[in-house]
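Next come the chains, spelled out residue by residue.
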Amino acid sequence: MTTEERFHGGVPIRTAKEAAELVPEGAVVATSGFGSVGYPKAVPEAIAEAGEKRDLTVLTGGSVGEEIDTALVESGDLVRRFPYLGTPTIREAANDGRVAYHDRHVSQLGDEVRFGGAVDGVDVAIVEAVAVGEDWFIPSPSIGATVSYVAAADKLIVEVNWKQPLDLEALHDIYLPGAPPDREPIPLTEPGGRIGDSRVRFDPDALVAVVETDRRDSTYDFRTPTDVDLAIGENFGAWLAAEAETNPTMTESIRLQFGVGAMGNALMGALGDLDVDRELVYFGEVIQDGLLDLIDEGTLRTASATTLALTRDGQDQLFSSMDSYADSVVLRPVCVSNAPELIGRFGVVAVNSALEVDIYGHANSTHVNGTRVINGVGGSGDFNRAGLVTVVALPSTAAGGDISRIVPMTPHVDHTEQDIDIVVTEHGVADLRGLGARERADAIVEVADPSFRPDLDAYRERAAEYGGHIPHDLETALEWPLERQQG
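Residues numbered from 1 in each chain as written. Predicted model: local features only at pLDDT ≥ 70, side-chain atom pairs only at ≥ 80, totals over all residues. Heavy atoms only, no water.

Draft legend 1. Representation of the overall build of the protein chain within the structure. Secondary structure summary: the protein chain contains 20 helices and 26 strands in total. Its C-alpha atoms give the protein chain a radius of gyration of 23 Å, within 12% of the compact-globule value 23 Å for 487 residues. Buried residues in the protein chain amount to 60% of all 487 residues. Residue pairs at least 24 apart in sequence account for 74% of intrachain contacts in the protein chain once pairs closer than 6 positions are excluded. Total accessible area computed for the protein chain in this model is approximately 18800 Å², and 45% of it derives from carbon and sulfur atoms. (Helix = DSSP H or I, 4+ residues; strand = E, 2+ residues; numbered from the N terminus. Rg over C-alpha atoms; globule rule 2.2 N^0.38 Å. Buried < 20%, exposed > 50% of the residue type's maximum accessible area, 1.4 Å probe, protein only. Contact = heavy atoms within 4.5 Å. Areas by Shrake-Rupley, 256 points an atom, 1.4 Å probe, with all protein chains shown as cover.)

Draft legend 2. The sheet that holds strand 17 (residues 356-358), seen in detail. Overall, mixed pairing links the three strands, which are arranged 18-17-24 in an open sheet. Both edges of this open sheet fall to strand 18 (363-364) and strand 24 (406-407), since each of them pairs with a single strand only. (Pairing = 2+ DSSP bridges.)

Draft legend 3. Region of interest: a negative patch on the surface. Among the surface-exposed residues, Glu234, Asp273, Asp293, Asp296 and Glu297 lie close enough to one another that they form a single negatively charged patch. One can find Asp296 in helix 11 (residues 289-297). (Patch = residues over 30% accessible without salt bridge, like charges linked within 9 Å, V, L, I, M, F, W, Y side chains within 5 Å. Salt bridge = Lys/Arg side-chain N within 4 Å of Asp/Glu carboxyl O. Lys, Arg positive; Asp, Glu negative; His and termini not counted. Charge placed at Lys NZ, Arg CZ, Asp CG, Glu CD.)

Draft legend 4. Inspection of the pattern of salt bridges at higher detail. Enumeration according to the criterion identifies 22 salt bridges in this entry. We note a salt bridge from Arg460 to Asp442, for which the minimum N-O separation is 2.6 Å. Of this pair, Arg460 sits in helix 18 (residues 453-464) while Asp442 sits in helix 17 (residues 437-445), placing them 18 residues apart in sequence. On the basis of relative accessibility, which here comes to 40%, the residue Asp442 falls in the partly exposed class. Here Asp473 ties to Arg462 by a salt bridge, and the two come within 3.8 Å at their closest N and O atoms. Here Arg462 lies in helix 18 and Asp473 lies in the loop between helix 18 and helix 19 (474-477), a separation of 11 residues in the sequence. Among the charged side chains, a salt-bridge network with shared partners connects Lys41, Glu128 and Asp217.

Draft legend 5. Quick look at the environment of Val160. Looking at where Val160 falls in the secondary structure, it is placed in strand 7 (residues 153-161). A residue is classified by how much of its surface remains accessible, and Val160, at 0% relative accessible area, is buried.

Draft legend 6. Here's a closer look at the packing of aromatic side chains. Per the stated rule, a full pass over the model turns up six aromatic pairs. Ring centres of Phe258 and Tyr282 lie 6.5 Å apart, and the angle between their planes is 5 degrees; on these two criteria the pair is classed as stacked. Residue Phe258 is located in strand 10 (residues 253-258), and its partner Tyr282 is located in strand 11 (residues 279-283); the two are separated by 24 residues in the primary sequence. Both residues of the pair, Phe258 and Tyr282, belong to the buried class. Among the aromatic residues, ring-to-ring pairing joins Phe236, Trp239, Phe258 and Tyr282 into one connected group. (Phe/Tyr/Trp six-rings, centres within 6.5 Å; stacked < 30°, edge-to-face > 60°.)

Draft legend 7. Spotlight on the environment of Gln317. By the secondary structure assignment, Gln317 is in helix 12 (residues 312-319). For Gln317, a relative accessible area of 23% translates into the label partly exposed. Apart from the residues within four sequence positions on either side, Gln317 is in contact with Leu292, Asp293, Asp296 and Tyr325.

Draft legend 8. Spatial organisation of helix 11. Asp289, Gly290, Leu291, Leu292, Leu294 and Ile295 are the residues of helix 11 that are buried. Backbone geometry just downstream of helix 11 places Gly298 in the positive-phi region, at approximately 85 degrees.

Here it is in C-alpha cells:
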C-alpha cells in the first residue's frame, strides 16, 4: 500500500499536535465514529495532552473510543456531549454533572446540526478516513453523521488511518438528503440498492490539516450469549416464523433490524435455524459479527447499515475477505440508514432491547432507576417508531434474578406503549397488538419471571382500586417491590 493511494493532491499534512492547535477554546467539534469504530484518534488525544481545558462541545454519530470519551473528559476539555456515551468515564461524568449530556435520536441530529439549531454551527469537524484528496475523503468503517457534520463545519481535519483497508470504499454509499422544505424523497427502492458516491465531498477551503495515524479501533467485545439469551432467541425465532406465515408483507422476504450487543447477536443466531422459506434482508444501523456469519451461510442476502460494529475477530473476518462481502454489505449515512421514510417503505421488523419494560408496554432503555444514564437512545427510537412490527427482547430479570425487568411503571420512558408491539423474554412472547391497556398487562405479566408474577398481580389488584384506563397506584409504583429490588 503506497502513500499515493492514501493521499491525493496537495493536502496539508500536519502532525496531530499541529492539528490540535487549530481547535479553539469553546469550539463545537463534530467527529466521525459510530459503533465504536471509524472515529478520529490522534487529534483528540493531542488535544487532551495539551492540557488547555478548552471547554469543547463534542458531537459524534454514536459511540466512540477512549481517545474521545475518556481522554478528553479526564483532561477537562470536554464539557458538553451529543448524542451517545461510549465509555465508563464519560458515563460517570454525565451522571455527576461534569459533562452536560444531550441525548438525541441519531437519525435526526445531522439535520438539527445543519438546520435546526442544536448547536450554533460546527467550528471543526475531525474525521477518520482511509484516503483523502483536495475535496474528498473515503470514510473508514463507519459513516454515521459524518456527512452532515462535514457539510456544517467551518474547518475540516482528516485523520488517514493506515490500519483501515482501502477496500472499505467498496462498501460506502454516500447520499445526503437536501434541505427542507423542498427535500425530495430518498430515492432508495430496495435495501441493498445504491444511490450515492463512495466518497464524502467537501469545500476544499475547509480542509486545514491531514494527519496520519496507524491505530485500530476500540472494537466491541461482546459477551458469550447465555442460556437466557439463547432461550430469548429461540422464542423470537418461533414468533417470527409464525408471523411470516400470516403477515402479507413477508410473502417473499423479511426485513429486519437488530440493536447492538450480545442480545442482538443471539437473536441473529436464531435466524440461522429459522424454518421459513423467505429471503432475509437486514436494514438497520449496525452490522455485527452475527450478520457476517449469516451472509457466509447464505441465510442473509443484504446487510445495509451505517457502521461495522464488529469485534476484533469480526473486523479480521471482514477485512480479510472484503471482495466476498462487497456485494452484500452497504454503509450509508445515518440519516439514510435510520430514515423513518425508508424503515416504513421497506416494512422493517425492528428488534431492540431495553433495561426494563412496564406492564403496559413502556420501555426504558437508557436510565438505571430512572436517573443514571447508561448510554443513549441511539437509533432504537428511529426503528421502534417507524418499524412495521416493533419487538423488545430482554431477559426477565437482572442481578442474578434478584431484580425484575418487568415492572409496574418504568421510572424513565424512552419508548412509549404506542411504539411497542411485541415483548420477548426467556419465558415467552407477549403480542400486544390490538390489546387494551389491561389486556396488555395480562400478556406482559405472563412473560415476567414466575417468581415476580405474584407481586405483579398483587400490584395490579391494588392499582385497580384507583381505576382509570391505565390503573396505577402512583404512591408505590416506583418503589415496587422495594425490598426485593434493592436486595
